[in-house]
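# Residue-level structural notes
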Amino acid sequence: DEIKVDPNHLDVDLLVSDYYEAKRLLDGLNPYNMWSTSYENGFYRIVNRVTIDGKLVDFDFRYMGDNYYDRQWQLDILKRRIKLRGMFVPSKEDHLHSLIYHAIIQKQTISETYVKQFKELSNYTETQARDKKFLRERLDTFMDGHGYKMVKPNDKTVGYFLTPS
């Protein structure tokens, strides 16, 4: 298994149990232009810039209870995580379904990045990986099976589209 970086998605999303601990450990800094809406300033933006190999990289520290995903699902993702090349990543099942959730509940359109990921993680066909109805049925089955709910994110920059567009 290889860690891949998509040049079309230049930020790193992390699910963490404690926002401030992650910020401290990674020495995250809020971009100046986002300070007025930052979480630290009492608002909702969680973008942090982290220096990696001399370059600033944007990180979104998604944290327990931020409603990015159902709280119980967030707990379960962290419980079921697996170690890959020295770091923790979601289980294959959580990875797939969290990406489906992100692509069809939090975004209006399914990007090519997600189509590719759906095909790799699940062996979906090209048509299935682009079909919001098909993906929603798979997501609903997964979420209902675990008792998870759709939740409106606290971060106002994240979409919430329950009905297909």
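Predicted model only: the values in this text are computed from it and were never measured. (Residues numbered from 1 in each chain as written. Predicted model: local features only at pLDDT ≥ 70, side-chain atom pairs only at ≥ 80, totals over all residues. Heavy atoms only, no water.)

### Describing the sheet that holds strand β3 (residues 55-63)
Spatially, β1-β3-β2 is the arrangement adopted by the three strands of the open sheet, whose pairing is mixed. Looking at strand neighbours, the two that pair on one side only are β1 (11-16) and β2 (47-52), the edges of this open sheet. Ignoring strand direction, the axes of neighbouring strands in this sheet form an average angle of 40 degrees. Bridge analysis of β2 against β3 gives six bridges, and the strand direction is antiparallel. Bridge pairing links Asn48 to Phe59 in β3. In the packing of helix α1 (residues 19-26) onto the sheet, the strands contacted are β1, β2 and β3, and the crossing angle to β3 comes to about 160 degrees. (Pairing = 2+ DSSP bridges. Helix = DSSP H or I, 4+ residues; strand = E, 2+ residues; numbered from the N terminus. Axes fitted to C-alpha atoms, helices over the stretch in contact; angles between N-to-C directions. Contact = heavy atoms within 4.5 Å.)

### Looking at unusual backbone geometry
If a residue is not glycine, its phi is most likely negative; likewise, a peptide bond is most likely trans. One non-glycine residue, Asn67, lies in the positive phi region at around 65 degrees. Tracing the backbone shows Asn67 in the loop between β3 and α2 (71-80). Not every positive phi belongs to a glycine, and Asn123 is a case in point at roughly 65 degrees. Structurally, the position occupied by Asn123 is in the loop between α4 (112-122) and α5 (126-130).

### Overview of the nonpolar core
By size, the foremost hydrophobic cluster in this structure holds 27 residues, and its most contacted members are Tyr101 and Phe118. Only α2, α3 (92-104), α4 and α6 (132-146) provide two or more residues apiece to this core. Looking at this core element by element, the count peaks at six residues for α3. Residues contacting Tyr101, with those up to four places away along its chain left out, are Tyr68, Tyr69, Trp73, Gln106, Leu139, Met143, Met150, Val151 and Tyr160. (Core = buried A, V, L, I, M, F, W, Y, C linked by side-chain atoms within 4.5 Å. Buried < 20%, exposed > 50% of the residue type's maximum accessible area, 1.4 Å probe, protein only.)

### A look at the environment of Thr51
Topologically, Thr51 is positioned in strand β2. The class of Thr51 is exposed, set by a relative accessible area of 55%. C-alpha separation for the pair Thr51 and Leu29, spaced 22 residues apart in sequence, amounts to 9.2 Å.

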